[in-house]
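Report on the structure
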Amino acid sequence: MTGIAIFGAGRIAKVHAQSVADIGANLVAVYDIVPEAAQTLAAQYGAKAAGSPNEAISHPDVDAVIIAASSDVHVELCLEVVKAGKRVMCEKPLAPSLKEAHACVTQLGDKAGDVFLAFNRRFDHGHARLESGVRSGDIGNLEQLIITSRDPYPPPMDYIPKSGGLFRDMMVHDFDMARWLLAEEPMRLFAQGACVVDPQIGKMGDIDSAVVTMSTPSGKQAVITNSRRATYGYDQRIEAFGSRGMIISDNQPATGVKTFTGAAYAACEPIPEFFMDRYAASYRKEIERFIDCVRSGQNAPVSALDGLHAAYLAEAAMASLKSGQPVELDENCDATWT
C-alpha cells in the first residue's frame, strides 16, 4: 500500500485525505503549522500528526507527499521532498511569484517533470473528453478556444490581499487549461480587468472581473473570461471551435432534466455552487494519477514546468493590465515586458 504524507490540514488537505483513503492508499502522516489541526485530520484516518515536515518526509512508510499548505512554502517543501528522493504533488501555485517559480524549476533540474502540479481541472471528465476530441481531430483543426470560469461569489475580503490577485489565484487554472488544449505556447496576450462586483476588492488593489485573449504562432485564438460573481452558481464551461465543428464541456446540473412550461421555455436545475462540488470527481482522479505515477515511476502528466508556464502567463496578464497594451510572450517564460 502506498504511504502518503500530507502537508496542511485545511479545506483542500481534507479533500485529498479523503481521496487517498477512497482509492486504497495509506495516509501515514499529516503536518500543519497548527498542531491541533494536524492532529484532528490525522486522527480521522489513523495517521500520525508529525511535528515537522522532515519528520513526515523521513517516515519509513511515507512513499510520497501531498503539499496542501500555504503557497508561500510550496517551493521550500517541494525541494525538501525531492531532495529526500520521494515523489510530491503540490497544490497550485508552484510559487508565489514568477521569479520564485523560475528558481524552483532551476533547482529541481531534471526532477521538475516528477513534481505533480495539482491542476485538477485536467482530470475533470468533461474537460478531459473535450481535450481527447480536440486531439483526435473530431472538430478538425482547433481555431478558437473559449474558457469561462466564474465564481458564485467573491472570497472573504481578508483573503484578497494574500491571494496574489485574480490572475495568479483564479485564472491560473484557466491558463493551464488553455496551454493544455491549445497544445502550443501562446505568443501574444492582452488582458482587461475591472472591479464591478465589489468596490472593496478594488480598494485592496485587485480586480474581480477579467478577460484575457491569447494567440499562438499558428493563429489559434483563446479567450478566457473570469468573474468573482455568478448569481446562478459556479460557472465552468469550455468551448473548442474547429474547422469541422465544435465541442463544449458544459456546466453540470444535478440531472439533465429541463422543464418546459408556459412560464418558462426551459427551466434548468441549478448548477453546483461550490468548486469542491463541481470538481469533486476530478480531485479524486488527480490523486489516482499521482499514486499511479508514484507506483510506476512515470513523469507527472502536469508538472512543475506547467506550473512555471501558468505563473508566467499570470504575470504577463498583470503586466498587460497595468500597461493597457498586449505583451509578447517568450516560450522560455522570460519576462520580456520588464
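Up top is the structure.
Residues numbered from 1 in each chain as written. Predicted model: local features only at pLDDT ≥ 70, side-chain atom pairs only at ≥ 80, totals over all residues. Heavy atoms only, no water.

**A short note on the overall build of the protein chain**
- Helix and strand counts for the protein chain come out as 13 helices and 15 strands.
- For 338 residues, the compact-globule formula gives about 20 Å, and the C-alpha radius of gyration of the protein chain, at 20 Å, lands near that figure.
- Its C-alpha atoms give the protein chain principal-axis dimensions of about 60 × 55 × 45 Å.
- By the burial criterion, 51% of the 338 residues in the protein chain qualify as buried. (Helix = DSSP H or I, 4+ residues; strand = E, 2+ residues; numbered from the N terminus. Rg over C-alpha atoms; globule rule 2.2 N^0.38 Å. Buried < 20%, exposed > 50% of the residue type's maximum accessible area, 1.4 Å probe, protein only.)

**A closer look at the nonpolar core**
- One finds Phe167, Phe175 and Leu189 to be the most contacted residues of the largest nonpolar core, which totals 102 residues.
- In terms of residues, this core owes the most to one element, helix α13 (residues 304-323), which gives ten residues.
- Leu189 has contacts with Phe175, Val212, Thr213, Met214, Leu313, Ala316, Ala317, Ser320, Pro326, Val327 and Leu329, leaving out every residue within four places of it along the chain. (Core = buried A, V, L, I, M, F, W, Y, C linked by side-chain atoms within 4.5 Å. Contact = heavy atoms within 4.5 Å.)

**Structural notes on the packing of helix α6 (residues 125-135) against helix α9 (residues 171-182)**
- In contact at an axis separation of 9 Å, α6 and α9 are set at 30° when each is read in the N-to-C sense. By the criterion of interaxial angle, the relationship of α6 to α9 is roughly parallel. Residues His127, Ala128, Leu130, Glu131, Val134 and Arg135 of α6 lie in contact with α9, whose contacting residues are Met177, Trp180 and Leu181.
- Along the lines of polarity and charge, the residues of the contact of α6 with α9 split into six nonpolar, one polar and two charged. (Axes fitted to C-alpha atoms, helices over the stretch in contact; angles between N-to-C directions. Parallel < 35°, antiparallel > 145°, perpendicular 65-115°, else oblique. Nonpolar A, V, L, I, M, F, W, Y, C, P; charged D, E, K, R; others polar.)

**Section: the side chain of Asn226**
- Within the fold, Asn226 resides in strand β10 (residues 221-227).
- Judged by its relative accessible area of 2%, Asn226 falls in the buried class.
- Within the local environment of Asn226, its side chain forms a polar contact with the backbone nitrogen of Met171, the two atoms lying 3.4 Å apart.
- Asn226 has contacts with Ser149, Leu166, Met170, Met171, Asp174, Asp208, Ser209 and Ala210, leaving out every residue within four places of it along the chain. (Polar contact = N/O pair within 3.5 Å; in protein donor to acceptor, adjacent residues only side chain to side chain.)

**A word on the side chain of His74**
- Its place among the elements puts His74 in helix α4 (residues 74-83).
- A relative accessible area of 1% places His74 in the buried class.
- Polar contacts involving the side chain of His74 include one to the main-chain carbonyl oxygen of Pro93, which spans 2.6 Å.
- Every residue in contact with His74, bar those within four places of it in the chain, is listed here: Ile67, Ala69, Cys90, Glu91, Lys92, Pro93 and Leu94.

**A word on the sheet that holds β10**
- Here we have seven strands laid out as an open sheet, ordered β12-β11-β7-β10-β9-β8-β15, and mixed in their pairing. Either end of the sheet is taken by a strand with one partner, and the two such strands are β12 (245-249) and β15 (327-328).
- Relative to strand β9 (residues 209-215), strand β8 (residues 188-194) runs antiparallel, the two sharing seven bridges. Looking at β9, one finds that Ala191 is bridged to Val212.
- The strands touched by α9 are β7 (142-150), β8, β9, β10 and β11 (235-242); relative to β7, the strand with the most contacts, the crossing angle is about 160°. (Pairing = 2+ DSSP bridges.)

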